[in-house]
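Chains, contacts and geometry: an overview
One letter stands for each residue in the lines below.
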Amino acid sequence: MTTRAVARTRVIMQAALALAQEGGYAKLSMEAVAARAGVGKHTVYRRWPSKGLLFLDSLLTLNEPVLDFPDTGDVLADVRQQAYAAVDLLARPPWGPLYQALVGEAQHDPAVAAGLLERFIRPQTDRTVARLKAAQDQGQVSPGLDLDLVMSILSGPLYYRLLITQEPMTHNYVDRVFEALFAGLSPR
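Residues numbered from 1 in each chain as written. Predicted model: local features only at pLDDT ≥ 70, side-chain atom pairs only at ≥ 80, totals over all residues. Heavy atoms only, no water.

Counting its regular elements, the protein chain contains 9 helices and 0 strands. Counting helices and strands in the order they occur from the N terminus, the protein chain gives α-α-α-α-α-α-α-α-α. Each principal axis of the C-alpha atoms in the protein chain carries an extent, and together these give about 65 × 35 × 25 Å. Taken over 188 residues, the protein chain has a buried fraction of 43%. (Helix = DSSP H or I, 4+ residues; strand = E, 2+ residues; numbered from the N terminus. Buried < 20%, exposed > 50% of the residue type's maximum accessible area, 1.4 Å probe, protein only.)

The next point concerns the side chain of Ser 50. Among the secondary structure elements, Ser 50 is positioned in the loop between α3 (41-47) and α4 (51-60). Given a relative accessible area of 19%, Ser 50 falls into the buried group. Reaching out from Ser 50, the side chain makes a polar contact with the backbone nitrogen of Leu 53 at a distance of 3.2 Å. Among all residues touching Ser 50, those that are not within four sequence positions of it are Met 30 and Asp 109. (Polar contact = N/O pair within 3.5 Å; in protein donor to acceptor, adjacent residues only side chain to side chain. Contact = heavy atoms within 4.5 Å.)

What follows concerns unusual backbone geometry. Phi is mostly negative for residues that are not glycine, and the peptide bonds are mostly trans. Phi is positive for Gln 166, which is not a glycine, with a value near 55 degrees. Topologically, Gln 166 is positioned in the loop between α8 (147-165) and α9 (171-185). On the accessibility criterion, Gln 166 (56% relative accessible area) is exposed.

As a further point, take helix α5 (residues 75-91). Helical geometry note: an α-helix holds 3.6 residues per turn, so side chains three or four residues apart project in the same direction. Here α5 is 17 residues long and its end C-alpha atoms lie 24 Å apart, about the 24 Å a rise of 1.5 Å per residue gives. Residues of α5 that are buried include every one of Val 75, Asp 78, Val 79, Arg 80, Gln 82, Ala 83, Tyr 84, Ala 86, Val 87, Leu 89 and Leu 90, and no others. At the N-terminal end of α5, a side-chain oxygen is found 3.1 Å from the backbone nitrogen of Leu 76, two or three residues along, and the residue is Asp 74. (Expected span 1.5 Å × (residues − 1).)

Under the defined criterion, the tally for this structure stands at 8 salt bridges. The salt bridge partner of Lys 41 is Glu 31, with a shortest N-O separation of 4.0 Å. Residue Lys 41 is found in helix α3, and its partner Glu 31 is found in helix α2 (residues 30-37); the two are separated by 10 residues along the sequence. Classification of Lys 41 by relative accessible area gives partly exposed; the value is 46%. Close ionic contact of Arg 122 with Glu 118 constitutes a salt bridge, the shortest N to O distance being 2.0 Å. (Salt bridge = Lys/Arg side-chain N within 4 Å of Asp/Glu carboxyl O.)

Another point: the packing of α4 against helix α6 (residues 95-106). At a closest axis distance of 10 Å, the pairing of α4 and α6 adopts a crossing angle of 150 degrees. Every pair of crossing elements has a handedness; the one defined by α4 and α6 is left-handed. Between α4 and α6, the residues in contact are Gly 52, Phe 55, Leu 56, Leu 59 and Leu 60 and Trp 95, Leu 98, Tyr 99, Ala 101, Leu 102 and Glu 105, respectively. Grouping the amino acids of the contact of α4 with α6 by side-chain chemistry returns 9 nonpolar, 1 polar and 1 charged. (Axes fitted to C-alpha atoms, helices over the stretch in contact; angles between N-to-C directions. Left-handed = near helix turned anticlockwise from the far one by under 90°. Nonpolar A, V, L, I, M, F, W, Y, C, P; charged D, E, K, R; others polar.)

With 12 residues, α6 extends 16 Å between its outermost C-alpha atoms, agreeing within 8% with the 16 Å of an ideal straight helix rising 1.5 Å per residue. Every buried residue belonging to α6 is among Trp 95, Gly 96, Leu 98, Tyr 99, Leu 102, Val 103, Glu 105 and Ala 106, and all of these are buried. Looking at the packing, one finds that the buried side of α6 touches α1 (3-23), α4, α5, α7 (110-137) and α8.

It is worth spelling out a nonpolar patch on the surface at this point. Residues Tyr 160, Leu 163 and Ile 164 make up a contiguous nonpolar surface patch of about 300 Å² in total accessible area. Position of Tyr 160 relative to the elements: it lies in helix α8. (Patch = residues over 30% accessible without salt bridge, like charges linked within 9 Å, V, L, I, M, F, W, Y side chains within 5 Å. Areas by Shrake-Rupley, 256 points an atom, 1.4 Å probe, with all protein chains shown as cover.)

Shown next as C-alpha coordinates:
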(Lines give C-alpha, C1' and ligand atoms only; values in the text may rest on other atoms or scores of the structure.)
Protein backbone atom coordinates (compact mmCIF):
# COMPACT_ATOMS: atom_id res chain seq x y z
CA MET A 1 0.00 0.00 0.00
CA THR A 2 1.36 3.43 -0.88
CA THR A 3 2.01 6.11 1.72
CA ARG A 4 -0.97 8.05 0.39
CA ALA A 5 -3.24 5.00 0.63
CA VAL A 6 -2.06 4.32 4.19
CA ALA A 7 -2.76 7.93 5.15
CA ARG A 8 -6.21 7.81 3.54
CA THR A 9 -7.01 4.56 5.34
CA ARG A 10 -5.99 6.13 8.65
CA VAL A 11 -8.20 9.19 7.99
CA ILE A 12 -11.17 6.95 7.18
CA MET A 13 -10.72 4.89 10.34
CA GLN A 14 -10.35 8.04 12.47
CA ALA A 15 -13.56 9.39 10.93
CA ALA A 16 -15.37 6.13 11.75
CA LEU A 17 -14.22 6.26 15.37
CA ALA A 18 -15.14 9.92 15.75
CA LEU A 19 -18.62 9.37 14.33
CA ALA A 20 -19.17 6.29 16.51
CA GLN A 21 -18.16 8.27 19.59
CA GLU A 22 -20.44 11.15 18.67
CA GLY A 23 -23.58 9.28 17.69
CA GLY A 24 -23.05 5.67 18.67
CA TYR A 25 -22.38 2.70 16.48
CA ALA A 26 -26.02 2.29 15.46
CA LYS A 27 -25.99 5.68 13.72
CA LEU A 28 -22.67 5.08 11.98
CA SER A 29 -22.91 4.80 8.20
CA MET A 30 -20.41 4.30 5.44
CA GLU A 31 -21.70 7.45 3.74
CA ALA A 32 -21.17 9.56 6.86
CA VAL A 33 -17.67 8.15 7.28
CA ALA A 34 -16.82 8.96 3.67
CA ALA A 35 -18.13 12.50 4.07
CA ARG A 36 -16.21 13.06 7.33
CA ALA A 37 -13.02 11.63 5.80
CA GLY A 38 -13.40 13.69 2.64
CA VAL A 39 -13.41 10.69 0.32
CA GLY A 40 -15.96 9.08 -1.96
CA LYS A 41 -18.03 6.30 -0.48
CA HIS A 42 -16.62 3.91 -3.12
CA THR A 43 -13.21 4.49 -1.54
CA VAL A 44 -14.58 3.31 1.80
CA TYR A 45 -16.45 0.35 0.32
CA ARG A 46 -13.36 -0.73 -1.64
CA ARG A 47 -11.49 -1.22 1.63
CA TRP A 48 -14.36 -2.47 3.83
CA PRO A 49 -17.46 -4.33 2.62
CA SER A 50 -19.45 -3.37 5.74
CA LYS A 51 -19.53 -0.78 8.47
CA GLY A 52 -18.94 -3.55 11.01
CA LEU A 53 -15.61 -4.51 9.43
CA LEU A 54 -14.62 -0.85 9.11
CA PHE A 55 -15.46 -0.36 12.79
CA LEU A 56 -13.48 -3.48 13.77
CA ASP A 57 -10.38 -2.29 11.93
CA SER A 58 -10.76 1.21 13.29
CA LEU A 59 -11.14 0.14 16.90
CA LEU A 60 -8.34 -2.40 16.83
CA THR A 61 -5.92 0.19 15.46
CA LEU A 62 -6.94 2.80 18.01
CA ASN A 63 -4.12 1.82 20.35
CA GLU A 64 -3.37 -1.73 19.20
CA PRO A 65 -4.09 -2.94 22.74
CA VAL A 66 -2.07 -5.90 23.86
CA LEU A 67 -2.87 -7.13 27.30
CA ASP A 68 0.41 -8.89 28.00
CA PHE A 69 1.78 -9.79 31.38
CA PRO A 70 5.16 -10.93 32.60
CA ASP A 71 6.04 -14.29 34.04
CA THR A 72 7.11 -13.24 37.54
CA GLY A 73 6.84 -16.75 38.88
CA ASP A 74 3.51 -16.00 40.59
CA VAL A 75 0.68 -17.00 38.25
CA LEU A 76 -1.98 -15.31 40.36
CA ALA A 77 -0.12 -11.98 40.34
CA ASP A 78 0.60 -12.24 36.62
CA VAL A 79 -2.94 -13.07 35.53
CA ARG A 80 -4.37 -10.53 37.97
CA GLN A 81 -2.15 -7.84 36.43
CA GLN A 82 -3.41 -8.79 32.97
CA ALA A 83 -7.02 -8.63 34.18
CA TYR A 84 -6.37 -5.21 35.75
CA ALA A 85 -5.03 -4.01 32.40
CA ALA A 86 -8.17 -5.31 30.65
CA VAL A 87 -10.46 -3.66 33.21
CA ASP A 88 -8.56 -0.38 32.90
CA LEU A 89 -8.79 -0.50 29.10
CA LEU A 90 -12.52 -1.30 29.10
CA ALA A 91 -13.30 1.30 31.76
CA ARG A 92 -12.03 4.27 29.80
CA PRO A 93 -13.41 5.98 26.75
CA PRO A 94 -13.17 5.69 23.91
CA TRP A 95 -12.05 2.04 24.00
CA GLY A 96 -14.61 0.63 26.45
CA PRO A 97 -17.84 1.96 24.94
CA LEU A 98 -16.64 1.32 21.40
CA TYR A 99 -15.56 -2.24 22.23
CA GLN A 100 -18.97 -2.83 23.78
CA ALA A 101 -20.59 -1.72 20.51
CA LEU A 102 -18.25 -3.92 18.49
CA VAL A 103 -19.13 -7.00 20.56
CA GLY A 104 -22.79 -6.16 19.99
CA GLU A 105 -22.26 -5.94 16.23
CA ALA A 106 -20.41 -9.27 16.28
CA GLN A 107 -23.68 -10.88 17.40
CA HIS A 108 -25.29 -9.94 14.08
CA ASP A 109 -22.41 -10.01 11.61
CA PRO A 110 -20.46 -13.29 11.29
CA ALA A 111 -17.56 -11.54 9.51
CA VAL A 112 -17.18 -9.11 12.41
CA ALA A 113 -17.43 -11.96 14.92
CA ALA A 114 -14.72 -13.92 13.08
CA GLY A 115 -12.48 -10.86 12.78
CA LEU A 116 -12.87 -9.96 16.45
CA LEU A 117 -12.13 -13.53 17.47
CA GLU A 118 -9.05 -13.86 15.25
CA ARG A 119 -7.55 -10.42 15.77
CA PHE A 120 -8.27 -9.67 19.43
CA ILE A 121 -9.95 -12.36 21.51
CA ARG A 122 -7.93 -15.41 20.40
CA PRO A 123 -4.51 -13.71 20.74
CA GLN A 124 -5.42 -12.54 24.25
CA THR A 125 -6.75 -15.98 25.13
CA ASP A 126 -3.63 -17.69 23.78
CA ARG A 127 -1.34 -15.46 25.88
CA THR A 128 -3.33 -16.17 29.03
CA VAL A 129 -3.53 -19.91 28.42
CA ALA A 130 0.22 -20.00 27.72
CA ARG A 131 0.89 -18.29 31.07
CA LEU A 132 -1.43 -20.73 32.84
CA LYS A 133 0.29 -23.67 31.10
CA ALA A 134 3.69 -22.42 32.28
CA ALA A 135 2.28 -22.23 35.82
CA GLN A 136 0.84 -25.71 35.45
CA ASP A 137 4.24 -27.02 34.34
CA GLN A 138 5.80 -25.33 37.41
CA GLY A 139 3.29 -26.96 39.77
CA GLN A 140 1.42 -23.73 40.59
CA VAL A 141 -1.81 -24.96 38.98
CA SER A 142 -3.43 -28.38 39.23
CA PRO A 143 -1.98 -30.67 36.55
CA GLY A 144 -5.27 -31.98 35.14
CA LEU A 145 -7.03 -28.62 34.95
CA ASP A 146 -8.64 -27.65 31.63
CA LEU A 147 -6.88 -24.34 30.94
CA ASP A 148 -9.27 -23.29 28.17
CA LEU A 149 -12.10 -23.65 30.67
CA VAL A 150 -10.12 -21.58 33.18
CA MET A 151 -9.78 -18.84 30.57
CA SER A 152 -13.53 -18.87 30.00
CA ILE A 153 -14.12 -18.65 33.73
CA LEU A 154 -11.64 -15.77 34.05
CA SER A 155 -13.13 -13.73 31.23
CA GLY A 156 -16.80 -14.57 31.79
CA PRO A 157 -17.33 -12.31 34.81
CA LEU A 158 -15.70 -9.38 33.00
CA TYR A 159 -17.87 -9.78 29.91
CA TYR A 160 -20.92 -10.29 32.14
CA ARG A 161 -20.34 -6.89 33.75
CA LEU A 162 -19.36 -5.21 30.47
CA LEU A 163 -22.27 -6.48 28.40
CA ILE A 164 -25.09 -7.60 30.68
CA THR A 165 -25.21 -5.70 33.95
CA GLN A 166 -22.99 -2.80 32.88
CA GLU A 167 -21.81 -2.50 36.46
CA PRO A 168 -18.38 -0.96 36.92
CA MET A 169 -15.44 -3.26 36.41
CA THR A 170 -12.88 -2.51 39.07
CA HIS A 171 -9.68 -3.96 40.43
CA ASN A 172 -11.66 -4.92 43.55
CA TYR A 173 -14.09 -6.90 41.41
CA VAL A 174 -11.17 -8.68 39.71
CA ASP A 175 -9.74 -9.48 43.15
CA ARG A 176 -13.03 -11.01 44.28
CA VAL A 177 -13.32 -13.11 41.10
CA PHE A 178 -9.73 -14.31 41.43
CA GLU A 179 -10.11 -15.13 45.09
CA ALA A 180 -13.06 -17.38 44.29
CA LEU A 181 -11.46 -18.93 41.22
CA PHE A 182 -7.94 -19.50 42.43
CA ALA A 183 -9.14 -21.26 45.55
CA GLY A 184 -10.21 -24.03 43.15
CA LEU A 185 -7.13 -23.83 40.91
CA SER A 186 -4.49 -24.44 43.55
CA PRO A 187 -2.90 -27.86 43.60
CA ARG A 188 -4.04 -29.99 46.49
